[in-house]
Amino acid sequence: MELQVKDTIQWLEKINEKIQQNKDYLTDLDQAIGDSDHGINMSRGFQEVVKQVNSKDYNTVSDVLKDTAMTLMSKVGGASGPLFGTAFLRFSMGIKGMDAVNQEAFAKGLEDAVAGIMQRGKATIGEKTMVDVWSPVADYFKETAKVQAEDVVYTAKNAMEQTKEIMATKGRASYFKEKSIGHIDPGAASSFYVFEALSEVIKEEE
Amino acid sequence: MERVGIVLISHSSKIAEGLKELISQVITEVPVEAAGGTEENEIGTSIEKILESIHRADCGKGVMLFYDIGSAKMNAEIAIEMAESIEVMISEAPLVEGAYVGAVESGMAKSLQEVNNAVEKAF
């Protein structure tokens, strides 16, 4: 795989489409174990991201992702703003100075993003958060010789579905204790859309 | 005389404004700033609002932040990273009571560390 500026913008546009289409679903998930604003917040955030990245000319993938981060941080409002924002910010810093992002660089970016999310949210794996999707996807990129589009979706989807069985100990969902079991984590679900969108971009390349 | 500034961070702009009103009725010499809600005043918190409030509340002696739930703390932490030159501390005390105690202590011209210690001791 190789990601150029235009592919990155396409990735963000596809994320936005999926978030807009599933806005109500994300809000429903959040209603069960949170404060039911996740869909609204994410839809506002990514709408602004797409507006932002289409209004400028970019030279590097890193710059696109940096603007994505800043927009999410200032527009989302809920916890997903600083968390997704930090993820994209660390990602952009991890691939700084590279013209095009190949698999190795992408894996590095993802690894930095996961570290950022964990640090910002003081979370680790297995706590029913977005970490539970980002982390296995980052591992997949690092450990696989040649990334396949279907494997990216499979890894992310499987990881998202597993959050259903976990009891939340971090974030707003942790107030719900045992009641949080049986529900997919909303942050894990929107993270799945991020990687589903990515896999579609990779597929077009294959 | 310079005082430690107080910033009130809440998911609701009404909570932050209401608390500011409550504190300002008794303590007038301390800079108290409300950073509640998103940029559109919806439920949530905004890094930019928090950052602006930190700048307004600072008169050279540093700023103490009080927050309510969830993302408020994360956004406060990012705002602190962006505030760079200003000395800022986040209090883990409950928003209403903590900020009230903090403002009283600041009114006695204490340092940022002293205000933080006093608030921590109270809860």
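These lines cover the structure that appears in this document, whether it is placed above or below. (Residues numbered from 1 in each chain as written. Chains lettered and ligands numbered in written order. Predicted model: local features only at pLDDT ≥ 70, side-chain atom pairs only at ≥ 80, totals over all residues. Heavy atoms only, no water.)

Quick look at the overall build of chain B now. Tallying secondary structure elements over chain B gives 5 helices and 4 strands in all. Its helices and strands in sequence order give chain B the pattern β-α-β-α-β-α-β-α-α, from N to C terminus. Its C-alpha atoms give chain B principal-axis dimensions of about 35 × 30 × 25 Å. Residues counted as buried form 54% of the 123 residues belonging to chain B. Contacts spanning at least 24 positions in sequence make up 73% of the contacts within chain B whose residues lie at least 6 apart. For chain B, the exposed area adds up to about 5600 Å²; of that, 51% sits on carbon and sulfur atoms. (Helix = DSSP H or I, 4+ residues; strand = E, 2+ residues; numbered from the N terminus. Buried < 20%, exposed > 50% of the residue type's maximum accessible area, 1.4 Å probe, protein only. Contact = heavy atoms within 4.5 Å. Areas by Shrake-Rupley, 256 points an atom, 1.4 Å probe, with all protein chains shown as cover.)

It is worth spelling out the interface of chain A and chain B at this point. With 16 residues of chain A at the interface, the matching set in chain B holds 17 residues. With both chains or domains summed, chain A and chain B bury close to 1300 Å², and 49% of this area falls on carbon and sulfur atoms. Contact with chain B buries area across many residues of chain A, yet M73, G77 and R120 of chain A alone supply 35% of it, more than any other trio. At the boundary of chain A and chain B, one finds 4 salt bridges. Salt-bridge contacts for K75 of chain A lead to E39 of chain B; the nearest nitrogen and oxygen are separated by 3.5 Å. The tally of links between chain A and chain B comes to 5 residue pairs in polar contact (both at pLDDT 80 or more). When residues of the side of chain A that touches chain B are assigned to their parent elements, the largest contribution, 4 residues, is made by helix α4 (residues 61–75) of chain A. (Buried area = accessible area lost by both parts, 1.4 Å probe. Salt bridge = Lys/Arg side-chain N within 4 Å of Asp/Glu carboxyl O. Polar contact = N/O pair within 3.5 Å; in protein donor to acceptor, adjacent residues only side chain to side chain.)

This part takes up the pattern of salt bridges. Counted under the stated rule, the structure contains 18 salt bridges over all chains. With a closest N to O distance of 2.5 Å, K110 of chain B and E105 of chain B form a salt bridge. On the basis of relative accessibility, which here comes to 14%, the residue E105 of chain B falls in the buried class. Several salt bridges share partner residues, and in doing so they unite K14, K18, E196, E200 and E204 of chain A into one network.

Ranked by internal contacts, the top residues of the largest apolar core, which has 61 residues, are W11, F88, W134, F141 and F195 of chain A. With 10 residues, helix α9 (residues 186–205) of chain A is the largest single contributor of residues to this core. Leave out the neighbours within four places in its chain, and F195 of chain A touches L110, V133, W134, V137, V152 and A156 of chain A. Counting 19 residues, the second-largest nonpolar core is a separate cluster that includes I9, I47, I50 and I86 of chain B. (Core = buried A, V, L, I, M, F, W, Y, C linked by side-chain atoms within 4.5 Å.)

Moving on: the side chain of T163 of chain A. All names here are of chain A. By the secondary structure assignment, T163 is in the loop between α8 (149–162) and α9. Of the polar contacts made by the side chain of T163, one reaches the backbone oxygen of M160; its length is 2.6 Å. In this structure, T163 is in contact with K128, T129, D132, H183, I184, D185 and A188, ignoring residues within four places of it in sequence.

In this section: helix α3 (residues 38–53) of chain A. Because an α-helix packs 3.6 residues into every turn, residues spaced three or four apart end up facing the same way. All names here are of chain A. Here α3 is 16 residues long and its end C-alpha atoms lie 22 Å apart, about the 22 Å a rise of 1.5 Å per residue gives. Within the sequence span of α3, burial applies to H38, G39, N41, M42, S43, R44, G45, F46, V49, V50 and V53. For α3, the elements touching its buried residues are α1 (5–21), α2 (23–33), α4, α5 (80–94) and α9. (Expected span 1.5 Å × (residues − 1).)

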